[in-house]
Amino acid sequence: MKLGDSEVHIWQVNLDEVQLHLLSADEQVRADRFKFEQHRKRFIAGRSFLRSLLSRYIQTDPMALEFEYSSHGKPTLKRSRIQFNLAHSQHLALYAVTYDRLVGIDVEAIRPMDDLESLVQRFFLPSEYKAIRADNALFFQYWTCKEAFLKAIGTGISKLKELEIENAQLKTIPVEARSRKWHLQQLSIQDDFAGAIAVEQNCPSLELKSFKSLTGEMQELD
């Protein structure tokens, strides 16, 4: 699998169609902790696909890959230029892969939220709260944009109120991220899902390319 220095590859995967079981011992322990079988199967599929995908980029055995984790749980690949991030909601998973730049990705199934008002008050800034109150459909757009950015910089949701989004663009970002340039973009996935990606733009321009996995094969999206 070829990845250009200015490229970001975005993979869309139906976890219920992945027939792989490529887990390390610690990943298997995590899988066994899931109470519900469907959740366990999707975790196995998600981690297995990640190993299969990354191994194609660096041309190695999927089981030879070694990961390390930040204090907030963000995974990185040891001894590699590859940077990646992943997210899933229900059966749908998204993976972002690039070289030498921070990246975060998020996806959420669009669904009714009984506690929408309290969530917005708790995690969003006044300007965002006003926009979402006027149009509840914006909630998942704003949420995935914020999550993607916070995953890129490797912090938890404690930084949500230090990050301001307006019209799916970064308006204010946490102090520790201001020394870098950023690209934030909503992702067109399916009508009932919202997604976003945040990427460090440490080159003149970024090229985002979308792919999907079909029955174990890799295919570029039109």
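Data block above holds the structure.
Parameters and conventions
- Residues numbered from 1 in each chain as written.
- Predicted model: local features only at pLDDT ≥ 70, side-chain atom pairs only at ≥ 80, totals over all residues.
- Heavy atoms only, no water.
- Helix = DSSP H or I, 4+ residues; strand = E, 2+ residues; numbered from the N terminus.
- Expected span 1.5 Å × (residues − 1).
- Buried < 20%, exposed > 50% of the residue type's maximum accessible area, 1.4 Å probe, protein only.
- Pairing = 2+ DSSP bridges.
- Salt bridge = Lys/Arg side-chain N within 4 Å of Asp/Glu carboxyl O.
- Axes fitted to C-alpha atoms, helices over the stretch in contact; angles between N-to-C directions.
- Contact = heavy atoms within 4.5 Å.

**Observations regarding helix α5 (residues 138–153)**
Argument step 1. Spanning 16 residues, α5 covers 23 Å between terminal C-alpha atoms, matching the ideal 22 Å at 1.5 Å per step.
Argument step 2. In terms of burial, α5 is a largely internal element, 15 of the 16 residues being buried.
Argument step 3. Downstream of α5 by a residue or two, G154 has a phi angle that is positive, lying close to 80°.

**Notes on the pairing of strand β4 (residues 82–89)**
Argument step 1. The pairing of β4 with strand β5 (residues 92–99) spans eight bridges and is antiparallel. The residue of β5 that forms the bridge with S89 is L92.
Argument step 2. Counted along the chain from β4 to the antiparallel partner β5, the turn is two residues long, and its residue Q90 has a positive phi close to 55°.

**Some words on the pattern of salt bridges**
Argument step 1. One pass over the full model with this rule turns up 17 salt bridges.
Argument step 2. A salt bridge links E27 to R51; its shortest N-O distance comes to 2.9 Å. One end of the pair, E27, is in helix α1 (residues 25–32); the other, R51, is in helix α2 (residues 37–58), with 24 residues separating them in the sequence.
Argument step 3. Residue R51 is classed as buried on the basis of its relative accessible area of 3%.
Argument step 4. With a shortest N-O distance of 2.9 Å, E200 and R180 are connected by a salt bridge. One end of the pair, E200, is in strand β10 (residues 193–200); the other, R180, is in the loop between β8 (169–172) and β9 (182–187), with 20 residues separating them in the sequence.
Argument step 5. The exposure class of E200 is buried, given its relative accessible area of 11%.

**Remarks on the sheet that holds strand β6 (residues 103–109)**
Argument step 1. The sheet built from three strands is open, its strands ordered β6-β10-β9 with antiparallel pairing. Because the sheet does not close on itself, it has two edges, and the strands there are β6 and β9. Going from strand to strand, the sheet's axes swing by 10° on average, the running direction of each strand aside.
Argument step 2. Inspection of the sheet shows β9 paired to β10 by six bridges, in the antiparallel sense. Bridging from a neighbouring strand, L187 pairs with G195 of β10.
Argument step 3. Against the sheet, α5 makes contact with β6, β9 and β10, and its axis sits at roughly 150° relative to β6, the strand it touches most.

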